Amino acid sequence: MVKTVPVTELAILVIVVLVALAFDFTNGFHDTANAMAPSVATGALKPKAAVALSASLNLVGAFLSIEVARTVGSGIVDLTGVDGESLMLIVLCGLTGAIIWNVLTWLFGLPSSSSHALFGGLIGATIAALGITGVLWGGVAQKILIPALLAPVIAGLVAFTGTWLVHRATRRISERSERKDFRWGQIGAASLMSLAHGTNDAQKTMGVIFLALVAHGTLDPEADMPLWVRVVCAVAIAAGTYMGGWRVIRTLGKGIVDISPRQGMSADFSSASIILTSSHLGLPLSTTHVASGSVIGSGMARTDAKVRWSVARRMLVAWLITLPAAGAVGAACFLLAGLFGHLWGSIVVTAILIAACAAMWLRSRASHVGHHNVADEWEQPKKERKREIDRELSAVASGIAPVSRPRKRKKRKDRGGDR
Amino acid sequence: MGFDLGALGVAIVSVLTVGLLLGAGIPLVYALGIRSIESERPGSTAVGRALLALCVVLALAGIVVIVFGKQLFGI
């Protein structure tokens, strides 16, 4: 009996580390858009080249700083006095809530914050385990809520200023020069943004794995971050980035505003500078909030482009419910795991996670967005659909086509078009 | 954990200041460089290229200060 306890703890630790790496993968996958959406949208980079460049720089960025890793979890939940297995289970359930929310928002193409999903999941699981007093609400306000409100505003302000200045300085520039010369500026800015993303987001998973290792007793709380943790986290986020969350790239690059090369460059420089500074200060800012704020701010600085506020509103709703939604999943997972005991509870929660992600992935195949159609015009399909419906209605109304057969006729026409 | 409004305020002001200096400054310098290269005045191409090189230096300096600032300069 005595011998089985460490084996159980080790098994839970292995599960937690694997699920944490899965979270890191979804984080990269979900956040490719933050760095590369403007470049893909303007055609500065081909979609595949964009994700490859972003993945490489995320990998490098993950090794540059560990300031954020030191702050993850600390000051948000009070886990003192919790035994190792329970702590690892709290972390596992928090990660499960975060992954499910990340994949769900990816399915809807919504750029929501992976960091908030992670914190939400951890808070939910902690409330389920320790009650409401287990959460340090002052820390939640200081580290999550206020930065969440301010990050998009600051990013929007900086991007607005940058875009306005750039447009003023290059009012009389030729269109050819804008396309050609600003392309390189945009690629540089997007590369900087990818590097910044690596310095900030890979750290969050490193912090979570560190927490699990401390809970297991493998590491001392004051120990340095082990190299293997840094390497596996860097590889996981880079692999996720390379997969490319095309749905989110499409929304951020094409949905919110039609991005010009000058605007894309300003938005990316704004995001990169803010994220690098926040990484330096150890502020776990949401890169998604920063990138989205920059895109909106740069769109507002242009008089010839309109921001699609309906898309921005959907995104805002997703931001508002990220924390409670991931928290609810995290709490539900912890309560469910409690029915089976620590080890079997961990296995059941992981099985639910795999099943939920597989179901969402299969659902995504119904309306596939990939590198081949990520840069298609946002409003074109809607206009085309409307035109087709108008044509069918007028054909029916004038008696040319029978009422019951318009769909069949449309199908034949589509096939012809495909050929 | 208490709510440290002072520390949060300092962090926000730092992020905003660096954001405006680098995040809005580098694109402006780049834009001025492109405008100079496009202009047909004598010497403008050299000025333009110098401005583009300055952008690269500023971006690299930003990374070095932000990432290695503590080790190198104690900031």
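Residues numbered from 1 in each chain as written. Chains lettered and ligands numbered in written order. Predicted model: local features only at pLDDT ≥ 70, side-chain atom pairs only at ≥ 80, totals over all residues.

1. Structural notes on the overall build of chain B
Then step 1. What chain B contains, in helices and strands, is 2 helices and 0 strands.
Then step 2. A globule of 75 residues ought to have a C-alpha radius of gyration of about 11 Å, yet chain B, at 17 Å, is considerably larger.
Then step 3. For the C-alpha atoms alone, the extent of chain B along its principal axes is close to 60 × 25 × 10 Å.
Then step 4. A buried classification covers 32% of the 75 residues belonging to chain B. (Helix = DSSP H or I, 4+ residues; strand = E, 2+ residues; numbered from the N terminus. Rg over C-alpha atoms; globule rule 2.2 N^0.38 Å. Buried ≥ 20, exposed ≤ 12 C-beta atoms within 10 Å, placed from the backbone.)

2. A look at the nonpolar core
As a rule of thumb, soluble globular proteins bury nonpolar side chains together.
Residues and elements named next belong to chain A.
Then step 1. Judged by nonpolar contacts, the single largest core of 142 residues is most densely connected at Val16, Ala20, Met88, Val91, Leu92, Ala212 and Phe334.
Then step 2. A total of 18 residues in this core trace back to one element, the largest contributor, which is helix H1 (residues 4-42).
Then step 3. Not counting the four nearest positions on each side in its chain, Phe334 is found in contact with Leu89, Ile90, Cys93, Ala125, Ala128 and Ala129. (Core = buried A, V, L, I, M, F, W, Y, C linked by C-beta atoms within 7 Å. Contact = placed C-beta atoms within 7 Å.)

3. Details of the interface of chain B and chain A
Then step 1. Listed by partner, the interface residues are 31 residues for chain B and 39 residues for chain A.
Then step 2. Elements represented by at least two residues in the side of chain B that touches chain A include exactly helix H1 (5-38) and helix H2 (44-72) of chain B.
Then step 3. No other element matches the 21 residues that H1 of chain B contributes to the side of chain B that touches chain A.
Then step 4. Class assignment for the residues of the side of chain B that touches chain A results in 22 nonpolar, 6 polar and 3 charged. (Nonpolar A, V, L, I, M, F, W, Y, C, P; charged D, E, K, R; others polar.)

4. Quick word on helix H2 (residues 47-61) of chain A
Then step 1. In this model H2 of chain A runs 21 Å from its N-terminal to its C-terminal C-alpha over 15 residues, within 8% of the 21 Å that 1.5 Å per residue would give.
Then step 2. Along H2 of chain A, the residues classified as buried are Pro47, Ala50, Val51, Leu53, Ser54, Ala55, Leu57, Asn58, Leu59 and Gly61 of chain A. (Expected span 1.5 Å × (residues − 1).)

5. Observations regarding the UniProt feature "transmembrane region" (unreviewed entry) in chain B
Residues and elements named next belong to chain B.
Then step 1. Listed under "transmembrane region" (unreviewed entry) in the UniProt record, and renumbered for this structure, are residues 6-34 and 46-69.
Then step 2. Spanning residues 6-34, this segment combines 100% helix with 0% strand, and its end C-alpha atoms are found 41 Å apart.
Then step 3. Within the segment residues 46-69, helix and strand shares are 100% and 0% respectively, and the terminal C-alpha atoms sit 32 Å apart. (UniProt positions renumbered as here; feature names shortened; annotations may be inferred.)

6. Thoughts on the UniProt feature "transmembrane region" (unreviewed entry) in chain A
Then step 1. The UniProt record annotates "transmembrane region" (unreviewed entry) at residues 12-29, 49-66, 86-110, 117-138, 144-166, 227-246, 316-337 and 343-362 of chain A.
Then step 2. Taken as a whole, residues 49-66 of chain A contains 72% helix and 0% strand, while its terminal C-alpha atoms sit 28 Å from one another.

7. Looking at the packing of helix H10 (residues 261-281) of chain A against H1 of chain B
Then step 1. At a minimum axis distance of 8 Å, the contact between H10 of chain A and H1 of chain B shows a crossing angle of 145 degrees. Of the two possible hands of crossing, H10 of chain A and H1 of chain B adopt the one that is right-handed. Only Ala11, Ser14, Val15, Val18, Gly19, Leu22, Gly23, Ala24, Ile26 and Pro27 of chain B of H1 of chain B make contact with H10 of chain A, whose side of the interface consists of Met265, Ser266, Phe269, Ser270, Ser273, Ile274, Thr277, Ser278 and Leu281 of chain A.
Then step 2. Residue composition of the contact of H10 of chain A with H1 of chain B, grouped by class: 11 nonpolar, 8 polar and no charged. (Axes fitted to C-alpha atoms, helices over the stretch in contact; angles between N-to-C directions. Left-handed = near helix turned anticlockwise from the far one by under 90°.)

8. Concerning the environment of Arg250 of chain A
Residue and element names in this part refer to chain A.
Then step 1. Tracing the backbone shows Arg250 in helix H9 (residues 246-255).
Then step 2. When the 22 C-beta atoms within 10 Å are taken as the criterion, Arg250 is described as buried.
Then step 3. Residues Arg250 and Ala196, spaced 54 residues apart in sequence, show a C-alpha to C-alpha distance of 21 Å.
Then step 4. Excluding anything up to four places from it in sequence, Arg250 contacts Gly109, Gly255, Val369 and Val374.

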